[in-house]
Amino acid sequence: MPDMILTAKSVEDVKSIINEKLISENVQTVMVIDGAGNILAHCGQDADGLDAISLAALTAANFGATSQIAKLIGENDFSLLYHKGEKANIHFARLGGEMILVSIFGDDVSLGLVRVRVEELADDINQIFEG
Amino acid sequence: MALIDLGKKEVHCKIVYYGAGRCGKTTNLLYIYNAMSDNDRGKMLTIDTKGDRTLFFDLLPLNLGKISGFDIRIQLYTVPGQVMYEATRKLVLKGVDGLVFVADPLKVRQERNIESLEDLRRNLADHGLNLKEMPLVLQYNKRDLCETPVPTLSVEELEQDLNQEYQAPGFEAIATKGPGVFETLKEISKRTVNYVAQKHLFNK
Ligand SMILES: Nc1nc2c(ncn2[C@@H]2O[C@H](COP(=O)(O)OP(=O)(O)O)[C@@H](O)[C@H]2O)c(=O)[nH]1
Ligand SMILES: [Mg+2]
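Just so we're clear, the structure is a prediction, and the values are computed from it rather than from any experiment.

1. Thoughts on the overall build of chain A
Within chain A, the secondary structure is distributed over three helices and six strands. Helices (α) and strands (β) of chain A occur, in sequence order from the N terminus, as β-α-β-β-α-β-β-β-α. The C-alpha radius of gyration of chain A comes to 14 Å, within 12% of the 14 Å expected for a compact globule of 131 residues. Along the first, second and third principal axes, the C-alpha set of chain A runs to 40 × 40 × 25 Å. Considering chain A as a whole, with its 131 residues, one finds that 47% of them fall into the buried category. Partitioning the intrachain contacts of chain A with sequence separation of at least 6 by distance along the chain shows that 53% fall at a separation of at least 24. Of the charged side chains in chain A, 9 are positive and 20 negative; the average position of the first set lies 4 Å away from that of the second.

2. Describing the pattern of salt bridges
All names here are of chain B. Inspection of every chain in the model, using the stated rule, returns 22 salt bridges over all chains. Across the pair Arg 73 and Glu 10 runs a salt bridge, and its minimum N-O distance is 3.5 Å. With Arg 73 in strand 5 (residues 70-78) and Glu 10 in strand 2 (residues 10-18), this residue pair connects regions lying 63 residues apart in the sequence. Under the relative-accessibility criterion, Arg 73 is labelled partly exposed at 25%. Close ionic contact of Asp 126 with Lys 90 constitutes a salt bridge, the shortest N to O distance being 3.0 Å. Taken together, the residues Asp 126 in helix 3 (residues 110-126) and Lys 90 in helix 2 (residues 86-93) connect sequence positions 36 residues apart. Classification of Lys 90 by relative accessible area gives partly exposed; the value is 29%.

3. Some points on the interface of chain B and chain A
If you look at the interface, chain B gives 24 residues, while chain A gives 25 residues. With both chains or domains summed, chain B and chain A bury close to 2200 Å², and 64% of this area falls on carbon and sulfur atoms. On the chain B side of the interface with chain A, the three residues burying the most area are Met1(B), Leu3(B) and Lys94(B), jointly 30% of the side's total. In this structure, the connection of chain B to chain A is made through two salt bridges. Between Asp3(A) and Lys199(B) there is a salt bridge, with the nearest N and O atoms lying 2.8 Å from each other. Residue assignment for the side of chain B that touches chain A shows that the elements contributing at least two residues are strand 1 (3-5), strand 2, strand 4 (58-67), strand 5 and helix 5 (181-200) of chain B. Grouping the amino acids of the side of chain B that touches chain A by side-chain chemistry returns 13 nonpolar, five polar and six charged. Pairing analysis gives three bridges linking strand 1 (residues 4-6) of chain A to strand 1 of chain B, with the strands arranged parallel. Directly across from Ile5(A), in strand 1 of chain B, lies its bridge partner Ile4(B).

4. Here we look at the confidence of the model for chain B
In this model, chain B carries a mean pLDDT of 92, and residues with pLDDT of at least 70 account for 94%. Per the prediction output, this complex has pTM 0.92; the corresponding ipTM is 0.85.

How each quantity is defined
Residues numbered from 1 in each chain as written. Chains lettered and ligands numbered in written order. Predicted model: local features only at pLDDT ≥ 70, side-chain atom pairs only at ≥ 80, totals over all residues. Heavy atoms only, no water. Helix = DSSP H or I, 4+ residues; strand = E, 2+ residues; numbered from the N terminus. Rg over C-alpha atoms; globule rule 2.2 N^0.38 Å. Buried < 20%, exposed > 50% of the residue type's maximum accessible area, 1.4 Å probe, protein only. Contact = heavy atoms within 4.5 Å. Lys, Arg positive; Asp, Glu negative; His and termini not counted. Charge placed at Lys NZ, Arg CZ, Asp CG, Glu CD. Salt bridge = Lys/Arg side-chain N within 4 Å of Asp/Glu carboxyl O. Buried area = accessible area lost by both parts, 1.4 Å probe. Nonpolar A, V, L, I, M, F, W, Y, C, P; charged D, E, K, R; others polar. Pairing = 2+ DSSP bridges. pLDDT = per-residue confidence, 0-100.

Structure (structure tokens):
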């Protein structure tokens, strides 16, 4: 896994497409993280209550663990994970490579919409950060 | 895997404290957490092995000031030492930039130390990393026990067991009380940041 170098422009470009596709649809918070648990971009509510660093670290480790589970049942990987809560829902998607897109949203946003939008974003984010 | 954010002028590195179960890894992080000011430390995340969980590690984010105009952000992680948590150790090592190996001086733990170092070497190799080429610092912890009647190993014996091959800098420590904790942290941070910086920032 090589080191990751972000430029101000790449971060701004990624944030702007995330804002356009997800935040404008009322998704509360979106983060792009890498396999080591670093936060590459953070959009939407900068909720004081949200401990973004811990969330990123746990997400990276959890995704790693889930990959192992996938292999045990003969899958290459699960490309997305979703947890439904009473008020908040969280959606994780692998963006190809080692990056993961995390979306946190309330019941006013449909899971279907998040899925479609995340899929639309995946290639673009990948290209901006890795291309 | 370091993250270099040229826009925010930040460098993020991951340092993992490795070693056999109960050698004092979490104690190191707790001491550091308690000694640093709120401005320089983030929240300490501790996921312990109580209960039925699949992931266990500690995480302490720190700000270590500026180097060449870049803010240095370090994330300290520990791994669970117990043999059965091999999978978690491997996950936590993903993207690691620097390592502290904490050695337990108890004579009864001699083999555990050696096994844990070998486990580290193997898990890094699975990530395509070579321990010999990475920033590494050894910590000879629990030196206070050497003044008690329990049989312990001298630093020379521990060096013989663990450091022949790596020739890494070593520090004696008493993590519960503090001696050696910041010396270890300073050395590994310095080495890790240099290692990352040499790759990217200064040789352009
Ligand atoms: N006497 C002594 N005990 C220590 C020292 N460092 C850690 N311990 C104790 O060793 C035990 C295990 O420590 P812990 O940090 O949880 O180990 P970990 O499994 O490596 O995270 C605890 O009871 C600590 O208080 C030390 O320097 N001296
Ligand atoms: Mg521990």
